[in-house]
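# Working through the structure, step by step
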Amino acid sequence: MTSVQEPSELATLGFPEPRAEGCPFDPPPAYRQPAGRVALWDGMPCWVLTDYHHVRTVLSDRRFSADVRRPGFPFLSPGRRELVGDQPSFLRQDDPEHQRLRRMMTGDFLVKRIEQLRPRIQRIVDEALDAMIAKGQPADLVADFAFPVPSLVICELLGVPYDDHEYFQELSRRLLDSTAGPGAVAEALDALTDYMAQLAASKKGEPDGIVARLATRDDLTPEEVASNSVLLLLAGHETTANMTSLSVLALLQNPEQLARLRAEPELTRGAVEELLRYLTIVHNGVPRTALEDVEFDDGLQVRAGEGVLAMLGAANRDEELFGDGDRLDIGRDARRHLAFGFGVHQCLGQPLARVELQIALATLLRRLPELRLAIPFEDVRFRTSALIYGLHELPVAW
């Protein structure tokens, strides 16, 4: 059984912690330590779990709560506490309320439904790439391709005007900055929530779009419509955009894997799963609170009321599950990865993210066979302070 230190003896874990020198794709060393307790920014003790089986258990066991309103819930910074707001989305609630809200949107993200969108997503990808090529090289793959594609897709699904993308992307960046103070986070959250509330009110009764459909329901309050619409908008473009640009950079830095994927495009689906595992852009951990005492199979004990951070990045490099896990291998069977979480709170939009990544990467590699970095790798700027890991920009040529 793991020994338990008193809070006064605990080392403070920061968010973000620095990445290891040499490979910015690897999780920070501080997030890969064996299971133990740390102190957070406010002095609150919290368990940090990095073993694959520990992490999967925390994410799937209903004895661990996702409700941010419970005492002991671990917040990574003062700004993250502010992000809760007055009306948490379904992501930050437990069943039955979580299930009640989530099932209202499940049908929009079923695999069958998303597969039907492939032709439309392909057109969006091609049009974004056409525009990037016409603009000339070097181009910024982040601004010219990685963000426009998922932003336009999620705007169409939700019924959000794409003309507003610069506005909500700027607010998103502020919300996801782990170093932002409570005031900055509150201001951005209020602005984005007000935006979605006004949009929902204007679309009530319209036939198309998730926001309009939610706004028309009698069993949802306007606050619930706004908070859950904000979640879908944020998750629908930030995650896939950052995964796209990071995936391209990872492939460019692993030329043998890039060459294999070009030669065997049928590996694209598996390659996307491996990139999701290898990069794990939710890099600061998934927070939970123990509702009762829990003892794991190996004797580790977490007491009721204690906070837990499930470190997805470390779990996805667990050597027991993924041998030589620090190496990118597009031929690996990576389907057991936890990049989308696990259990009842597993990412609702994962079918959409997979299809967008598959189409975006396959199209880029097919149409730009000479795609390459336009700056030295050492000059690439990573979004280390964001809750979603990614790149500020990615200058490329072809």
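Only a predicted model underlies this, so the values are computations on that prediction, with no experimental measurement involved. Sequence order as written defines the numbering, with residues in each chain counted from 1. Under the rules for a predicted model, residues below a pLDDT of 70 receive no local features and side-chain atom pairs below 80 are neither given nor counted, while totals for whole chains, interfaces and linings still include all residues. Note that water and hydrogens are dropped before the side-chain values are worked out from all heavy atoms of the structure.

## What to know about the overall build of the protein chain
Strands are runs of DSSP state E lasting at least two residues, helices are runs of H or I lasting at least four, and both sets are numbered from the N terminus onward. For the protein chain, the helix and strand inventory stands at 15 helices and ten strands. For the protein chain, whose C-alpha radius of gyration is 21 Å, the value lies close to the compact-globule estimate of 21 Å for 398 residues. Dimensions along the principal axes, computed over C-alpha positions, put the protein chain at roughly 60 × 50 × 40 Å. Per-residue accessibility, obtained with a 1.4 Å probe over protein chains only, is compared with the maximum for each type, and a residue is labelled buried under 20%, exposed over 50%, and partly exposed between these values. For the protein chain, the proportion of its 398 residues judged to be buried stands at 56%. Should any heavy atoms of two residues lie within 4.5 Å, those residues are considered in contact. The long-range share in the protein chain, meaning contacts at least 24 apart out of those at least 6 apart in sequence, stands at 74%. Of the roughly 16,900 Å² of accessible surface on the protein chain, a fraction of 51% belongs to carbon and sulfur atoms. Positive charges come from Lys and Arg, negative ones from Asp and Glu, while His and the chain ends are left out of the count. Here the site of a charge means atom NZ of a Lys, CZ of an Arg, CG of an Asp or CD of a Glu. Side-chain charges in the protein chain split into 43 positive and 60 negative, and the spacing between the mean points of these groups amounts to 5 Å. Atoms considered for the radius of gyration are the C-alpha atoms alone. The globule rule reads 2.2 Å times the number of residues to the power 0.38. With residues, only the protein chains shown are counted as cover, and all accessible areas are computed by Shrake-Rupley using a 1.4 Å probe.

## Some thoughts on the packing of helix α11 (residues 222-252) against helix α15 (residues 350-367)
All axes here are fitted lines through C-alpha atoms, helices being fitted over the stretch that makes contact, and every angle between N-to-C directions spans 0 to 180 degrees. With their axes 10 Å apart at the nearest point, α11 and α15 run at an angle of 35° to one another. Read as a crossing pair, α11 and α15 show a hand that is right-handed. Taken together, the residues of α15 that come into contact with α11 (itself represented by Thr240, Met243, Thr244, Ser247 and Val248) are Ala353, Glu356, Leu357, Ala360, Leu361 and Leu364. Its residues assigned to classes, the contact of α11 with α15 comprises seven nonpolar, three polar and one charged. Less than a right angle of anticlockwise turn of the near helix away from the far helix marks a crossing as left-handed, whereas a clockwise turn marks it as right-handed. Side-chain classes are defined by residue name, with Ala, Val, Leu, Ile, Met, Phe, Trp, Tyr, Cys and Pro counting as nonpolar, Asp, Glu, Lys and Arg as charged, and the others, Gly among them, as polar.

## A few points about the packing of helix α13 (residues 268-279) against α15
Where α13 meets α15, the closest approach of the two axes is 9 Å, and the angle between their N-to-C directions is 110°. Taken together, α13 and α15 sit at an angle that is classed as roughly perpendicular. Note on packing geometry: the crossing formed by α13 with α15 is right-handed. Of the residues in α15, those in contact with Thr268, Arg269, Val272, Glu273, Leu275 and Leu276 of α13 are Arg354, Leu357, Gln358, Leu361 and Ala362. Across the contact of α13 with α15, the residue classes break down as six nonpolar, two polar and three charged. Angles below 35 degrees are treated as roughly parallel, those above 145 as roughly antiparallel, those between 65 and 115 as roughly perpendicular, and all remaining angles as oblique.

## Points about the sheet that holds strand β3 (residues 64-65)
Pairing between two strands requires that DSSP report at least two bridges joining them. One open sheet holds the five strands; their spatial order is β1-β2-β8-β5-β3, and the pairing between them is mixed. Each edge of the open sheet is held by one strand with a lone partner, namely β1 (36-39) and β3. Pairing between β3 and strand β5 (residues 286-290): two bridges, direction antiparallel. Residue pairing for β5: Ser65 is matched across the bridge by Thr289. The sheet contacts of helix α1 (residues 52-60) involve β2 (45-49), β3, β5 and β8 (307-310), and relative to β8 the element is tilted by about 120°.

## Examining the pairing of β5
Of all five residues in β5, five are buried, a share of seventy percent or more. Of the two faces of β5, the one holding Val286, Arg288 and Ala290 and the one holding Pro287 and Thr289 are both buried throughout. Taken together, the four bridges between β5 and β8 define a ladder with antiparallel strand orientation. Paired with Thr289 across the two strands is Gly307, which belongs to β8.

## A few points about the sheet that holds strand β4 (residues 139-140)
If you walk across this open sheet you meet the three strands as β4-β10-β9, and the pairing is antiparallel. Each edge of the open sheet carries a strand with a single partner, namely β4 and β9 (372-373). Summarising the sheet, β9 and strand β10 (residues 395-397) pair through two bridges and their orientation is antiparallel. Bridged to Arg372 within β10 is Ala397.

## Quick look at the nonpolar core
The nonpolar core is taken to be a set of buried Ala, Val, Leu, Ile, Met, Phe, Trp, Tyr and Cys residues, with the residues joined through side-chain atoms within 4.5 Å. Grouped together as the largest cluster of nonpolar side chains are 97 residues, with contacts concentrated most on Phe25, Phe145, Leu192, Leu249, Phe382 and Leu394. Ranked by residues supplied to this core, first place goes to α11 with 14 residues. Counting residues in each nonpolar core, the second largest holds 20 residues, with Trp47, Phe64, Val294 and Phe296 among its members.

## Points about the packing of aromatic side chains
Pairing of aromatic rings covers Phe, Tyr and Trp, the last through its six-membered ring, and needs centres within 6.5 Å; plane angles under 30 degrees mean stacked, over 60 mean edge-to-face, and all others mean tilted. Inspection of the entire model under this criterion finds ten aromatic pairs. Arranged with centres 6.2 Å apart and planes meeting at 40°, the rings of Phe25 and Phe377 form a pair that is tilted. Linking Phe25 in the segment before β1 with Phe377 in the loop between β9 and β10, this pair joins segments that are 352 residues apart in sequence. You can call Phe377 buried: its relative accessible area is 18%. Its end group placed over the ring of Tyr389, Arg19 keeps NZ or CZ at 3.6 Å from the ring centre. Each ring is checked for a lysine NZ or an arginine CZ that lies within 6 Å of its centre and within 35 degrees of its normal; such an atom marks a charge sitting over the ring. The ring of Phe322 has Arg277 lying over it, and the distance from NZ or CZ to the ring centre is 5.4 Å.

## Structural notes on the side chain of Thr50
Here Thr50 lies in the loop between β2 and α1. Once residues lying within four places of it in the same chain are set aside, the contact partners of Thr50 are Tyr31, Arg32, Gln33, Pro34, Ala35, Val55, Met311, Ala314 and Ala315.

## Focus on α1
An α-helical turn contains 3.6 residues, so any two residues separated by three or four positions project in the same direction. Tyr52, His54, Val55, Val58 and Leu59 are the residues of α1 that are buried. Relative to the axis of α1, the buried residues are bounded by an arc of 165° and lie together on one face. Summarising the contacts, the buried residues of α1 are in contact with β2, β3, β5, β8 and α14 (312-315). Polar contacts, as used here, are pairs of N or O atoms within 3.5 Å; protein pairs need one atom able to donate a hydrogen and one able to accept it. Residues neighboring in sequence count only if both atoms are side-chain atoms. One side-chain oxygen at the N-terminal end of α1 lies 2.9 Å from the backbone nitrogen of His53; it belongs to Asp51. Note: the arc covers the axis-to-C-beta directions of the helix.

Don't take any of this as a statement about function, it's just geometry.
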